[in-house]
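# A structural walkthrough
Chain by chain, the residues run as shown.
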Amino acid sequence: MSDAYDEEYGGASNDAPGAEERTFAALPPAHGRGFAQSWWGQAWLKALEDTALDLQQLKAGRRLARAGSVGAVSVRPGRITAVVQGRDGTPHRSDVLLQELSEDEWDRFLGMAVERAGHIAALLDREMPPHLVEDAAAAGVELLPGIGDLEPECDCDAWDHCGHTAALCYQLARLLDQDPFVLLLMRGRGERALLDELQVRSLSQADAQPATEETHDAAPEGVSAAQAYAEGAVLPPLPPLPALPPEPGLPPALDTETEPAAGLDVAALEFLAAQTAVEAYRLLADALASGHERQPVGRELTANQDAVRLAAGAPGEEITARLAAGSGRDGDALALAVRAWEYGGQAALSVLEEEWTPRQESLARARAALDAAWEEDERPRLHAADNRWTLVDADAQVRHGRDGRWWPYRKERGRWTPTGPAAKDPATALAVAAGSE
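Residues numbered from 1 in each chain as written. Predicted model: local features only at pLDDT ≥ 70, side-chain atom pairs only at ≥ 80, totals over all residues. Heavy atoms only, no water.

## Comments concerning the pairing of strand 4 (residues 79-85)
Inspection of the sheet shows strand 3 (residues 73-76) paired to strand 4 by three bridges, in the antiparallel sense. Within strand 4, the position partnered with Arg-76 by the bridge is Arg-79. The antiparallel hairpin formed by strand 3 and strand 4 contains two residues in its connecting segment, where Gly-78 sits at a positive phi of about 80 degrees. Pairing of strand 4 with strand 5 (residues 91-97) involves seven bridges; the strand directions are antiparallel. Each bridged residue has a counterpart across the sheet, and for Arg-79 the counterpart in strand 5 is Leu-97. Between the end of strand 4 and the start of strand 5, which pair antiparallel, lie five residues, with Gly-89 showing a positive phi angle near 90 degrees. (Pairing = 2+ DSSP bridges. Helix = DSSP H or I, 4+ residues; strand = E, 2+ residues; numbered from the N terminus.)

Right under this line is the structure:
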């Protein structure tokens with residue numbers, strides 16, 4: 001489990017080798033958002049909703065989970081447990097059971113996973129791609145639960161899923177969104193034990209590869225990716241990362257007795273040097289941040305985007321006017337672009353200026369998230385046009401970015417204006433936009 005995940009979700013894991021239990025601190029209330037954004041989190045909830053016989057208990061469970069009534073969640077093979085506060089404040093111990101995979105099923109799953117390094121890489125990125133689940137199913141291993149697989153136990157003596165066990169399942173969907181290893185632990189293998197077994201199999205597979213006769217004049221340089229991955233655990237550790245300086249460096253002063261060359265704007269050059277130091281500091285801070293290696297490489301800025309980045313550094317009226325002219329914007333348009341940049345950099349600026357048509361599956365997931373965020377009689381009405389969804393009879397809008405996030409907007413003086421950072425689901429972004437009145 002990554003450090004960033006621990007910090008945000010309060011996860012506490014047993015670091016002992018072979019640890020088979022993880023405990024996650026109580027999550028904050030989930031007002032205005034769905035419980036699962038990932039497809040595997042939604043599959044977990046579908047198994048719950050297809051199994052439960054009493055829809056009123058599911059609705060009660062959603063309300064308890066949204067209110068933050070679910071305490072710390074303990075996850076171990078075959079079972080999740082939490083204390084859930086009922087509507088009257090009475091605490092109830094609630095458990096949900098899921099069948100562990102047999103030793104034979106685990107053997108087949110590990111054999112399948114080690115054949116495709118992409119499966120392992122996806123899990124390490126806290127993703128569960130559909131082809132991993134499909135390949136596991138082809139090997140006779142069902143990872144995700146189906147109808148009847150989630151068995152409830154609660155001290156309220158309900159014979160089926162009650163509001164308490166339903167609330168526990170809804171909260172677990174949020175944990176699954178962030179870390180699919182939670183599901184694999186329920187199926188019987190903790191993260192460390194699973195990765196250790198995969199590594200052993202990778203080494204065995206590499207050792208078992210038959211030597212082949214070289215048919216080319218010269219042997220290829222380097223080693224194969226499979227061999228490098230298998231030998232990763234025996235390489236010496238990397239040196240420690242350097243410490244982040246307390247602040248950006250100061251560029252040299254240009255205030256000298258020598259007259260500047262004709263046409264040289266000293267003030268603009270000093271501003272560019274200072275902004276270069278600030279940008280270098282930001283890049284270094286990002287590189288040293290936990291989880292940086294799992295972040296996608298950003299696209300190179302265009303000249304127009306870079307003009308907005310520089311304008312966000314408050315260069316003064318004269319330089320701002322030059323940046324506006326150079327980027328083909330007037331003063332108001334540049335100020336709007338700067339506002340977007342301050343909320344989310346290049347991604348936020350693209351959302352401000354681009355209109356495009358998302359894929360149908362992305363839109364379907366968004367509609368499902370909106371449906372889950374409100375009761376049917378409270379659900380807001382939206383007008384959808386490409387990636388921009390506008391609240392009917394209100395000056396609030398959410399925009400879908402190409403990175404899958406949603407951005408809140410409000411109409412100010414006749415112009416749609418960004419009003420906050422991105423959210424992973426449209427319900428949260430819409431709540432921010434509608435609450436900015």
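## Quick word on the nonpolar core
With 40 residues, the main nonpolar core has Trp-44, Val-75 and Leu-172 as its most contacted residues. Residue assignment for this core shows that the elements contributing at least two residues are helix 2 (39-51), helix 3 (55-66), strand 3, strand 4, helix 7 (163-178) and helix 8 (181-186). Of the residues forming this core, the biggest block, nine residues, is contributed by helix 7. Contact partners of Leu-172, with chain neighbours within four places excluded, come to Trp-44, Val-73, Val-75, Ile-80, Val-182 and Met-186. One finds Ala-307, Val-308, Leu-310 and Tyr-409 within the second-largest nonpolar core, a separate group that totals 22 residues. (Core = buried A, V, L, I, M, F, W, Y, C linked by side-chain atoms within 4.5 Å. Buried < 20%, exposed > 50% of the residue type's maximum accessible area, 1.4 Å probe, protein only. Contact = heavy atoms within 4.5 Å.)

## What about the packing of aromatic side chains?
If you walk through the whole model with that rule in mind, you get four aromatic pairs. Between the aromatic rings of Trp-106 and Phe-109, the centroid separation amounts to 5.6 Å while the plane-to-plane angle is 85 degrees, which identifies the pairing as edge-to-face. Of this pair, Trp-106 and Phe-109 are both found in helix 4 (residues 103-115), three residues apart, which corresponds to roughly one turn of the helix. Taking the relative accessible area as the measure of exposure, Trp-106 reaches 0% and is therefore buried. Residue class for Phe-109 comes out buried when judged on its relative accessible area of 1%. (Phe/Tyr/Trp six-rings, centres within 6.5 Å; stacked < 30°, edge-to-face > 60°.)

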